[in-house]
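Observations on chain architecture
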Amino acid sequence: MVKQKRKTIAETELNLEKETEFPDINISEQNDSDNEELHESDADLTDVPSDSEYEDFEEKRVKVIRKKLLPEINPVYEEDSSDEEVENTIGNVPIEWYNDYPHIGYDVNGKKVMRPAQGDDLDKFLDSIDNKDAWKSVHDKLHGKDVKLDKKELEMLKRIQEHQFPDVEFDPYQPTVEWFTSKVETMPLSGAHEPKRRFIPSKHEAAKIMKIARAIRAGLIVPGKKKPESSKPKFYDIWENTDGDSLKQNHIPAPKMALPEHMESYNPPEEYLLTKEEEKQWKSLDPEDRPHNFLPKKHSSLRETGAYNRFIQERFERCLDLYLCPRTVKQKIDIDPESLIPKLPSPKDLKPFPTKLAITYKGHQGRIRTFSVDPTGQWLASGGDDSTVRIWEISTGRNIKTLEFSDAIMCVSWNPNKSLSLLAVACENQVTLVNASVASDEIIERTSSIITELWGHVDNSANIKWEKPSADLQEAGHCCHIRISKKIMNLTWHRKGDYFATVTPEANAGSVQIHQLSKASSQNPFKKSKGLVQKVIFHPSKPFLFVATQRSVRVYNLIKQELIRKLLPGVKWISSIDIHPSGDNVIIGTYDKRTQWFDMDLSAKPYKTLRYHKEAVRQVSFHKRYPLFASASDDGSVLIFHGMVYNDLMQNPLIVPLKTINAHERVDSLGVLDCAWHPTQPWLFSCGADKTIKLFI
C-alpha cells in the first residue's frame, strides 16, 4: 500500500514537471528552503517511513504541488502583426535601385517588402476625384504608398509655407540659458582632489632660476639697478632730414568743380528752358545718357527757389571721385609733331602717275563689271550687265566692235600673247573664245589656225565640255565654247597664253578649273575646297598658283602639287588680288575697306594695311613697268600709290599715297567695279556702275 502511494506521488510529480517547463533562470530563483525540502523528499523515497512520517511527507508534497506557477516566457513568441505596418529598413538608399525587382526593400527581420500595386495615371486621376482626402495625402516613395496627413501635420506644412516655425509651441524669443557664464563661482565645480603634479617642483622652472642665479653670480645681472633711459625718442619724424619742398612736389591738388552756367540760375534765359517734348525726351533717357542732371526752372525771386534734391547725392559722388580715382602728374614731352610724321618723298618727285581724266568711253546700257586691255595697248574690251562685249580703240575712244551674249558678262580677258588676237569672255556657265579680228591679217590667221588645230585634241571631262559654236556664231567671231557646270565669276590667263583658269565658287570642291588651249583639255587641280574661292592668279615667273579664298590666300606649286605658303590677312572677306611683276609682293583688296600689302619674303602677315577707302574695295592692280598700284572702291574713288620694291632684301618696300581720283558716281551703293593699268604707259582705266569707262593719264 505504501509503495503504491509512493509510486502515485512520483508519477504526479513527473507529470507536473512535463506540463510546466520553467526556464533555468526561474528555477534557480525558487526558495532555497523549498529546494532543500524537495531534495530531502527525493532522497527519502528509498527509505520506508512510518505512518506518521508518511502523513507529514504527504502534507509537504501537497504543498509543493499546489504552489502557484509563473507563466512561461517564450523568447520566440510570434505575435500577431496583421494590423502593424511593415517598416522598410533599407535606409538612405535610392528607391530607383529597386525598379527592376518585385520588392522595394527589407523589414527588420530581413524579409522582403513587396511592392504594393500601383495603377496608371488614369487610376490616379479617378482616385483624386473619388477620394475626398486626396489633397491631404502624400506619396511615400520608401514604402510605395500614399500616406494621409493628420491635422497636426497639415498645420505644420501651412506654417512652413508662411515662413513660420513648424512647431506652434516654439518660442523664438525665450530667455537664453547661460550654460557658461562669466561669473566666478565661490566653490569649484569639481570636487576632485588636486593632482600630484601640482605639488612636485617644476624642473623647467628650476632650470630658469639656475640660469638667472648664474648670471647674478657672474655680474651680468645687478639686482635693483635701474635701466638708463634711452636718448632716442620712441617716436620720431621719418621726414626729418628731407627737404620740405620735395614733399610738396608730390602733392596733387584735387580738380576744381566746374563753375555754374546760366542754365543753373534761378532765373535762366528763355532759350535754356526746355519744352514739354524736350522734357519728355530728357526723362526717357537713362541717367548716364542725359546731357545734364537737372531740369532748368524759372523762379520770379531767389526766395521761391526750393532745395536741390540731388545735393547730397552729388556731394557723395564727388567724395567718391576724390577718394577712389587716383591722380597722377602727366609729364609733357616737348616733341615736334612734324618729327613724328615719316619722311616721305614729295609726289612731284615720283611722277609720272595719272592725275587727270583724258577719255570717257560711253556706249553700254548697263553697269560695266569688267574690262581688259590687250597686250599691245591699242584695244580695250569691256563687258557689262547689258549682255554685250564692246571693243574700243584706246587712243580715239571709238567702239570698233560689239558682241552680243545671252546673259550678263562676268569677266573678259585678252590673251597675253601678242602674236594672237584672242579674247576670253565668261558669261553665266560658259567661256567663249572670240577672235577679235582687230589686229593685222597675219595675227588673225594665226589665231584662226590655232583654234582649228585644237579640235583634233578635244578631251571632254564629265563637268567641262569643249564645244564648237554654230555657223552663225562663228561668223560673229566665236571660236570655241567651254561649258562648266556652275556659274563662272573670274577668269585669268597664264603669262604665256596657253593656260587660263576659271573660278566657280558654287562648285565647292571643283571651284577652280585650269584649261589648256593647245590640247583643248580641262582639269580640276583640287579635290577639296579649303574655303569659298574668290579669285585665282598665276605667278608672273614661277609655276605658282595663288588661290584667294574668303579669309586667306594659299600659294600652290603646280609642278610639285603641294602647298608652299599661306597668307593670313585677318580680314572678313577678300575681294581681289594682284601680284607685283617681281613676284615677291602681293596686294589684296577686301570688302571691309582695307588694302593690304604682303611681302612674302618677310612674313605671312600683312606688311602694310591701308585704310583710305570709306566703302568696300572692289579691285587692286599693279603696273607691270612703273612702281605704281591702284585700288578701286564702292565709294566712287580710285587711289593711286607709289610702291617701290628694292632689290636689296634688307630694305623694305616704299609705299607713298599719290592721288585720290573721284572716278565714278555711285549708283545703288556701287561705285568703281574694276580698274587696270595700261601695259606700257602710266595710264589708268576704270569702270563703274554709272555705265562708263574712263581713262586717266
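First things first, this report covers the structure right here in the doc.

Rules and cut-offs
Note that residues are indexed from 1 along each chain, following the sequence as it is written. Under the rules for a predicted model, residues below a pLDDT of 70 receive no local features and side-chain atom pairs below 80 are neither given nor counted, while totals for whole chains, interfaces and linings still include all residues. The side-chain values count all of the structure's non-hydrogen atoms but skip hydrogen atoms and water molecules. Nonpolar cores are built from buried Ala, Val, Leu, Ile, Met, Phe, Trp, Tyr and Cys residues. Side-chain atoms within 4.5 Å join them into one set. Buried residues are those whose accessible area, probed at 1.4 Å on protein chains only, stays under 20% of the maximum for their type, while exposed residues exceed 50% and partly exposed ones sit between those limits. By definition, any uninterrupted DSSP run of H or I lasting at least four residues is a helix, any uninterrupted run of E lasting at least two residues is a strand, and each is numbered from the N terminus. A pair is scored as a salt bridge if a Lys or Arg side-chain nitrogen falls within 4 Å of a carboxyl oxygen belonging to Asp or Glu. For two strands to be treated as a pair, DSSP must find at least two bridges joining them. Every axis in this analysis is a line fitted to C-alpha atoms, fitted for helices over the stretch in contact. Angles between the N-to-C directions lie between 0 and 180 degrees.

Formed by 20 residues in total, the largest nonpolar core has its most connected members in Leu 433, Trp 466, Ile 482, Leu 491 and Trp 493. At the level of secondary structure, the elements contributing two or more residues to this core comprise β11 (422-427), β12 (430-435), α12 (441-454), β13 (464-467), β14 (478-484) and β15 (490-493). Listed in part, the 16 residues of the second largest apolar core include Ile 640, Leu 658, Trp 677 and Phe 696.

This part is about unusual backbone geometry. Cis peptide bonds are those with omega within 30 degrees of zero, and the linkage from Lys 351 to Pro 352 qualifies with 10 degrees. Looking at where Pro 352 falls in the secondary structure, it is placed in the loop between α11 (337-340) and β5 (357-362). With a phi angle near 70 degrees, Lys 593 is a residue other than glycine that sits in the positive phi range. In this structure, Lys 593 sits in the loop between β24 (585-590) and β25 (595-599). Given the relative accessible area of 40%, Lys 593 is considered partly exposed.

Another aspect to go through is the pattern of salt bridges. In total, this model carries twelve salt bridges according to the counting rule given. In this structure, Arg 198 engages Glu 194 in a salt bridge whose closest nitrogen and oxygen atoms are separated by 2.1 Å. Arg 446 serves as the salt-bridge partner of Glu 442, at 3.1 Å between the closest nitrogen and oxygen. Separated by four residues within a single helix, Glu 442 and Arg 446 lie in helix α12, roughly one turn from each other. Taking the relative accessible area as the measure of exposure, Arg 446 reaches 31% and is therefore partly exposed.

Once that is clear, we can look at the sheet that holds strand β19 (residues 535-538). Sheet architecture is open: four strands sit in the order β19-β20-β21-β22, paired in antiparallel fashion. One side of each edge strand has no neighbouring strand; the edge strands of this open sheet are β19 and β22 (562-567). On average, each strand axis in the sheet is tilted by 20 degrees relative to the strand beside it, whichever way the strands run. The sheet contact formed by β19 and strand β20 (residues 544-548) spans four bridges and is antiparallel. Bridge pairing links Lys 535 to Ala 548 in β20.

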